[in-house]
Amino acid sequence: MTQPIHTPASAYDKGPIEILCKEIGFRFDKGLETPEMLMAFVSVLVAHIAEMRWLKQECVSMGAIAPSADSEEVLKRVLQMLAANDQEGLKSKAAEIHDYIHRVALMT
């Protein structure tokens, strides 16, 4: 049986999958809150983001704005997290990357 990613510290504590689902408007179910699902979820999101960055870069010659260095840094960090395949450190690493994204967004 797959163990949940976190043990709620209070009566209700949102896990990383629930947070991701809310951010992208996807229906959340508590059964999704597992390390395996987080790895799968993030892997699919990263693949889509990498594809969008590539397409945007290809369109620069037609006047599109190039992808930011910050987005490249986020992808690099996420790919390192996924390659490490560290389910114990997954939640904290994902939280660090999430916080980095929000810090970068506030600076722009």
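> Pulling in residues and values, what's your account of the overall build of the protein?
Scanning the protein for helices and strands turns up 4 helices and 0 strands. Within the protein, residue pairs in contact and separated by at least 24 positions form 48% of the contacts whose partners lie at least 6 positions apart.

> Break down the side chain of arginine 53 for me, citing the residues and quoting the values.
By the element assignment, arginine 53 lies in helix α2 (residues 35–58). Among buried Asp, Glu, Lys and Arg side chains, arginine 53 stands out as unpaired, with glutamate 72 the closest opposite charge at 4.3 Å. A distance of 3.2 Å separates a polar side-chain atom of arginine 53 from the backbone oxygen of serine 68. Excluding residues within four positions of it along the chain, arginine 53 makes contact with Pro67, Ser68, Ser71, Glu72 and Leu75.

> Can you lay out the environment of tryptophan 54 for me, pointing to particular residues and giving the numbers?
Along the chain, tryptophan 54 falls in helix α2. For tryptophan 54, a relative accessible area of 53% gives the class exposed. Spatially, the C-alpha atom of tryptophan 54 lies 9.5 Å from that of alanine 66, the residues being 12 residues apart in sequence.

> Can you tell me about helix α4 (residues 90–107), naming the residues and giving the values?
Relative to the 26 Å expected for 18 residues at 1.5 Å per residue, α4 spans 26 Å between its end C-alpha atoms, a close match to the ideal helical length. Structurally, α4 contributes buried residues whose contacts are with α2 and α3 (69–84).

> Describe the pattern of salt bridges, with residues and values.
By the definition in use, this model includes 3 salt bridges. Beyond isolated ion pairs, a larger network of salt bridges with shared partners links Glu73, Lys76 and Arg77.

> Go over the nonpolar core, please, and point to the residues and values.
Formed by 19 residues in total, the largest nonpolar core has its most connected members in Ile17, Leu38, Val42, Val46, Val78, Met81 and Leu82. Those elements that provide at least two residues to this core are α1 (16–24), α2, α3 and α4. Leaving out residues up to four positions away in the same chain, valine 46 has contacts with Leu75, Val78, Leu79 and Leu82.

> Just give me the short version of unusual backbone geometry, but keep the residues and values in it.
Positioned with a positive phi, asparagine 85 is a non-glycine residue whose angle comes to about 50°. Its location among the elements puts asparagine 85 in the loop between α3 and α4.

Parameters and conventions
- The residue numbers shown here count from 1 along each chain, following its written sequence.
- A pLDDT threshold of at least 70 governs which residues receive local features in this predicted model, and a stricter bar of 80 or more applies before side-chain atom pairs are shown or counted, although totals over entire chains, interfaces and linings include all residues.
- With hydrogens and water set aside, each side-chain value is computed from the structure's full complement of heavy atoms.
- Numbered from the N terminus, helices here are DSSP runs of H or I no shorter than four residues, and strands are runs of E no shorter than two.
- We call two residues in contact when some of their heavy atoms are within 4.5 Å.
- Three exposure classes are used, based on accessible area relative to the maximum for each residue type with a 1.4 Å probe and protein chains only: buried under 20%, partly exposed in between, and exposed over 50%.
- We score Asp and Glu as negative and Lys and Arg as positive, and we do not count His or the chain ends.
- Between Lys or Arg on one side and Asp or Glu on the other, a salt bridge is scored when a side-chain nitrogen of the former is within 4 Å of a carboxyl oxygen of the latter.
- Counted as a polar contact is a pair of N or O atoms within 3.5 Å, where, for protein atoms, one must be capable of donating a hydrogen and the other of accepting one, and residues adjacent in sequence contribute only when both atoms are in side chains.
- Between the first and last residue of a helix there are one fewer steps than residues, each counted as 1.5 Å, and that sum is the expected span.
- Here, the term nonpolar core denotes a set of buried Ala, Val, Leu, Ile, Met, Phe, Trp, Tyr and Cys residues that are joined through side-chain atoms within 4.5 Å.

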